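The residues making up each chain are set out below.
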Amino acid sequence: MKYKYINWIIILVGTVLPIIIDTIADDYGSHDPFIWSITLIPSIIIIFKYPNWSVVIGTAIFYSLFELTIEFNQEGFTQFALDVITLVLGIIVNWSILLTVGYLRIKTEKLVRKVEEMTITDPLTGVYNRRYFDFYIEQAIPLSKRMSKSLILVMFDIDHFKRVNDTYGHLCGDYALKHITDVIKSNVREADVVIRMGGEEFAILLQETSLEEGSEIAERVREAVEESKFIYNKQQIPITISLGLTEYKSEKVEQFIEKTDQALYKAKSNGRNQLVVSSDSSNRFCFC
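Because the structure is predicted, anything quoted here is derived from the model rather than measured.

Rules used throughout
Residues numbered from 1 in each chain as written. Predicted model: local features only at pLDDT ≥ 70, side-chain atom pairs only at ≥ 80, totals over all residues. Heavy atoms only, no water. Helix = DSSP H or I, 4+ residues; strand = E, 2+ residues; numbered from the N terminus. Buried < 20%, exposed > 50% of the residue type's maximum accessible area, 1.4 Å probe, protein only. Contact = heavy atoms within 4.5 Å. Areas by Shrake-Rupley, 256 points an atom, 1.4 Å probe, with all protein chains shown as cover. Salt bridge = Lys/Arg side-chain N within 4 Å of Asp/Glu carboxyl O. Axes fitted to C-alpha atoms, helices over the stretch in contact; angles between N-to-C directions. Parallel < 35°, antiparallel > 145°, perpendicular 65-115°, else oblique. Nonpolar A, V, L, I, M, F, W, Y, C, P; charged D, E, K, R; others polar. Pairing = 2+ DSSP bridges. Core = buried A, V, L, I, M, F, W, Y, C linked by side-chain atoms within 4.5 Å. Left-handed = near helix turned anticlockwise from the far one by under 90°. Phe/Tyr/Trp six-rings, centres within 6.5 Å; stacked < 30°, edge-to-face > 60°.

Caption draft 1: Main features of the overall build of the protein chain. Across its full length, the protein chain holds eight helices and seven strands. Per-residue burial over the protein chain gives 44% buried out of 288 residues. Counting contacts in the protein chain only where the partners sit at least 6 residues apart, residues at least 24 apart contribute 69% of the total. Carbon and sulfur atoms form 58% of the exposed surface of the protein chain, whose accessible area is close to 16200 Å².

Caption draft 2: Spatial organisation of unusual backbone geometry. The backbone phi angle of Glu208 is positive, close to 50 degrees, even though this residue is not glycine. The class of Glu208 is exposed, set by a relative accessible area of 55%.

Caption draft 3: Broad picture of the pattern of salt bridges. Enumeration according to the criterion identifies 11 salt bridges in this entry. A salt bridge links Glu109 to Arg105, with the shortest nitrogen-to-oxygen separation between them at 3.0 Å. You can see Glu109 and its partner Arg105 sitting in helix α3 (residues 53–120), four residues apart, about one turn around the helix. Judged on exposure class, the residue Glu109 and its partner Arg105 are both buried.

Caption draft 4: Region of interest: the packing of helix α5 (residues 161–168) against helix α6 (residues 170–186). Following both chains from N to C, one finds α5 and α6 inclined at 135 degrees, their axes separated by 6 Å at the closest point. Here α5 lies oblique to α6, going by the angle between them. Residues Phe161, Val164, Asn165 and Tyr168 of α5 touch α6, and the partners they reach there are His170, Cys172, Gly173, Ala176 and Leu177. A breakdown of the residues in the contact of α5 with α6 according to their chemical character gives six nonpolar, three polar and no charged.

Caption draft 5: Summary view of the sheet that holds strand β7 (residues 275–277). The strand order across the open sheet built from five strands is β2-β3-β1-β6-β7, with neighbouring strands paired in mixed fashion. Only two strands of the sheet have a single partner each, and these edge strands are β2 (193–198) and β7. Averaged over all neighbouring strand pairs, the angle between strand axes comes to 20 degrees, with direction disregarded. When strand β1 (residues 151–158) meets strand β3 (residues 201–207), the two strands line up antiparallel, connected through seven bridges. From the neighbouring strand, Phe156 faces β3, where its bridge partner is Phe202. Sheet contacts for helix α7 (residues 211–227): β1, β3, β6 (241–247) and β7; angle to β6, the most-contacted strand, approximately 170 degrees. Contacts between helix α8 (residues 253–269) and the sheet are confined to β1, β3, β6 and β7, with β6 contributing the most and set at about 145 degrees to the helix.

Caption draft 6: Spatial organisation of the nonpolar core. Ile184 and Ile239 are the most contacted members of the largest nonpolar core, which has 33 residues in total. Breaking this core down by element, the ones donating at least two residues are β1, α5, α6, β3, α7, β6 and β7. When neighbours within four sequence positions are excluded, Ile184 is seen to be in contact with Phe156, Val194, Phe202, Ile204 and Val221. Residues Ile141, Leu153, Leu205 and Ile257 belong to the second largest nonpolar core, which totals 19 residues.

Caption draft 7: Looking closely at the packing of helix α4 (residues 130–147) against α8. Here α4 crosses α8 at 110 degrees, and the two axes come no closer than 11 Å. Classified by the interaxial angle, the pair formed by α4 and α8 is roughly perpendicular. Where α4 crosses over α8, the two elements pack in a sense that is right-handed. Listed contacts from α8 to Phe133, Ile137, Glu138 and Ile141 of α4 are Val253, Phe256 and Ile257. Taken together, the residues of the contact of α4 with α8 sort by class into six nonpolar, no polar and one charged.

Caption draft 8: Representation of the packing of aromatic side chains within the structure. Scanning the entire structure with this criterion turns up nine aromatic pairs. With centroids separated by 6.4 Å and ring planes inclined at 90 degrees, the aromatic side chains of Tyr63 and Phe66 adopt a geometry described as edge-to-face. Here Phe66 and Tyr63 lie together in helix α3, a separation of three residues that amounts to about one turn. Accessibility assignment for this pair places Tyr63 and Phe66 in one class, buried.

Shown next as structure tokens:
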């Protein structure tokens, strides 16, 4: 917060200072239009805070018009006309600097965002990875406690995925993972978080969702995967998933995940292609 105020103080000073210096210089019969280059300081700070081209261009236009307006009011039309070439040259130099700074800042910002995205996104499926899961759940659980909001975790495996890889090859397995990811994203809500935990194991985090509603979403996903048509090399390959679901009950993160994993294990032990809700949550919505 302290640095935020410092930035705005510098912007204010950098905007007002050229006016003060220019006014004093005029009183002593001295005038240098390039004193307005001081406005590069607030301009550059604004560009660094909001790195996009609309801000870069808008800032450059604002300070150029600001400079021309102040100069015109101070000097009158005649003197302004004499200094206009110098003023324009100064503006061109300032624009060149701002556009260069803007280009480098925007390019750097895009690179940083790309790197951040790569660290939390699974490159094959495009959904979040385990790193993001660990970060997200550490934030979601305190929020769930503080706001007394329900938090649902669903974990699922692709049934007999090794058999798919062994029979049709690993490339087919990759396509199967992408296919299932697309099906999942089409059957969950925009606010729901889909994660590839690793291999053929996925998770879905549902915030502010009741146990019944979460179970319905999970079952909808299971049915959608079962009914979807996965075709590889002109051959349709049946794909199903087994799911475990748990509602958060103020336990430790590790216990929360373990309960869900145990429900998933039970779904696989019971014959696969089914949803099992953790017994610690409720048995009412167990789809078997």
